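Structural overview for review
Now for the letters of each chain:
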Amino acid sequence: MKTTVVIPNYNGRNYLQDCLTSLLEGSEVPAIIVVDNGSADESAAMVKERFPMVKLIALPENRGFSAAVNIGIREAGTEYVFLLNNDTVVLKDTIEELEAAMERHPKAFSVAAKMLQMKNPELIDSAGDFYCASGWAFARGKDRKNEAFSKETSVFSACAGAALYRKAVFEKIGDFDENHFAYLEDLDVGYRARIYGYENWYAPDAVVYHVGSGTSGSRYNHFKTRYSSRNNIYLIYKNMPLLQIILNLPFLAAGFLIKFLFFALKGMGKEYLAGIKNGFSISMNHRKVPFSVKHLPNYCKIQLELWENMFRRIRA
């Protein structure tokens, strides 16, 4: 067995049962770890009662997505770890397809599954993630037809809602950053892997249905708005050397202004600004990814992608 499935859970009982059932009905039953973040909806009791073959790690409080998956990754005794949201249903052979893609790309850190919308399965939820010089992260293919994303390709980073990771790479680049708590933590770790010269890929034959916002409750909400803007500031500070930040500053300023206006129109402008303020605060108290001259070609490649992805976002 090459893969352990790690599912972080917080009050996701209504979704978790279907998720686990889909995994266990696959062609080969993988090792599964559920890390419960102090749920109050009897999620842990349900796993114990109905899925005794699943390893349950029950935390006394909600420590966030990053802390939960880090615990699961450390417990995994396999070469690969499949991180999976609790509000998903996994199609047969998905894990095998992800493993095959990983083995086709020896420099891969992660391989993203094709995530389809549960309510509209003909539409893409995510076919990998992109990040651009304006500071915008976006899901590749979001709300577009499934058939248009049937080619295996490299992506900026994988969405950790359904992605396979090479466990040994975490020992070189570090774990998921627990300062993120939730949102953009997968982009951060994928960005960090790129700095170190690793790749992130998308495997279209690995398919997962995704409810989306199963725990937070909606696509846009106060919690997500605050944490996303906070974590975006921290992500930029942490992963970009100072000269790269200066180079991108006009694009970043425009991007953050547009985002503020967008959320202000939705009545969440204060939350967006509070998140930015908090992002600067945590950035000043934490280390950047150490700059190394040997990684300079990787920084240059990343920068070209950041510019290219601005045009991708405009065309999307």
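Data block above holds the structure.
If you're wondering where the values come from, they're calculated on a predicted model, not measured in any experiment. (Residues numbered from 1 in each chain as written. Predicted model: local features only at pLDDT ≥ 70, side-chain atom pairs only at ≥ 80, totals over all residues. Heavy atoms only, no water.)

Take the pattern of salt bridges next. When the charged atoms of two side chains with opposite charge come close together, those side chains can pair. Going through the model one piece at a time under the given rule, you end up with 12 salt bridges. The shortest N-O distance in the salt bridge between D177 and K238 comes to 2.7 Å. Residue D177 is located in the loop between α5 (167-173) and α6 (185-195), and its partner K238 is located in helix α7 (residues 222-239); the two are separated by 61 residues in the primary sequence. Residues D177 and K238 agree in their burial class; the two are buried. Between K238 and D188 there is a salt bridge, with the nearest N and O atoms lying 3.2 Å from each other. Taken together, the positions of K238 in helix α7 and D188 in helix α6 put the pair 50 residues apart, joining distant regions of the chain. (Salt bridge = Lys/Arg side-chain N within 4 Å of Asp/Glu carboxyl O. Helix = DSSP H or I, 4+ residues; strand = E, 2+ residues; numbered from the N terminus. Buried < 20%, exposed > 50% of the residue type's maximum accessible area, 1.4 Å probe, protein only.)

What follows covers the nonpolar core. Considering soluble globular proteins, one finds that nonpolar side chains tend to be buried as a cluster. Core analysis: the largest hydrophobic core is formed by 31 residues, its most contacted members being V5, I7, L20, L23, F82, L84 and L98. Among all residues touching L20, those that are not within four sequence positions of it are I7, I32, V34, V47, F51 and V54. (Core = buried A, V, L, I, M, F, W, Y, C linked by side-chain atoms within 4.5 Å. Contact = heavy atoms within 4.5 Å.)

Turning our attention to unusual backbone geometry. Phi is positive for E42, close to 65°, though the residue is something other than glycine. Locating E42 in the fold gives a position in the loop between β2 (31-37) and α2 (43-50). Non-glycine residue D143 carries a positive phi angle of around 70°. Here D143 is to be found in the loop between β9 (137-139) and β10 (153-155).

Let us look at the pairing of strand β12 (residues 199-210). Burial analysis of β12 places nine of its 12 residues in the buried class, which makes it a mostly covered element. Direction of pairing for strand β5 (residues 88-90) relative to β12: antiparallel, over a ladder of three bridges. Paired with V89 across the two strands is Y209, which belongs to β12. Where strand β6 (residues 108-117) lies against β12, nine bridges are found, and the strand directions are parallel. Residue pairing across strands places L116 opposite Y209, the latter belonging to β12. (Pairing = 2+ DSSP bridges.)

All right, on to the packing of aromatic side chains then. One pass over the full model with this rule turns up 17 aromatic pairs. Ring geometry for F262 against F263: centres 5.1 Å apart, planes inclined by 85°, an arrangement best described as edge-to-face. Residue classification places F262 among the partly exposed positions, given a relative accessible area of 34%. Its relative accessible area of 7% is what places F263 among the buried residues. Three or more aromatic residues joined by ring pairs form one cluster here, namely F65, F109, Y165, F170 and F176. A cation over an aromatic ring shows up here: R194 above the ring of F156, its NZ or CZ 5.3 Å from the ring centre. (Phe/Tyr/Trp six-rings, centres within 6.5 Å; stacked < 30°, edge-to-face > 60°. Lys NZ or Arg CZ within 6 Å of the ring centre and 35° of its normal.)

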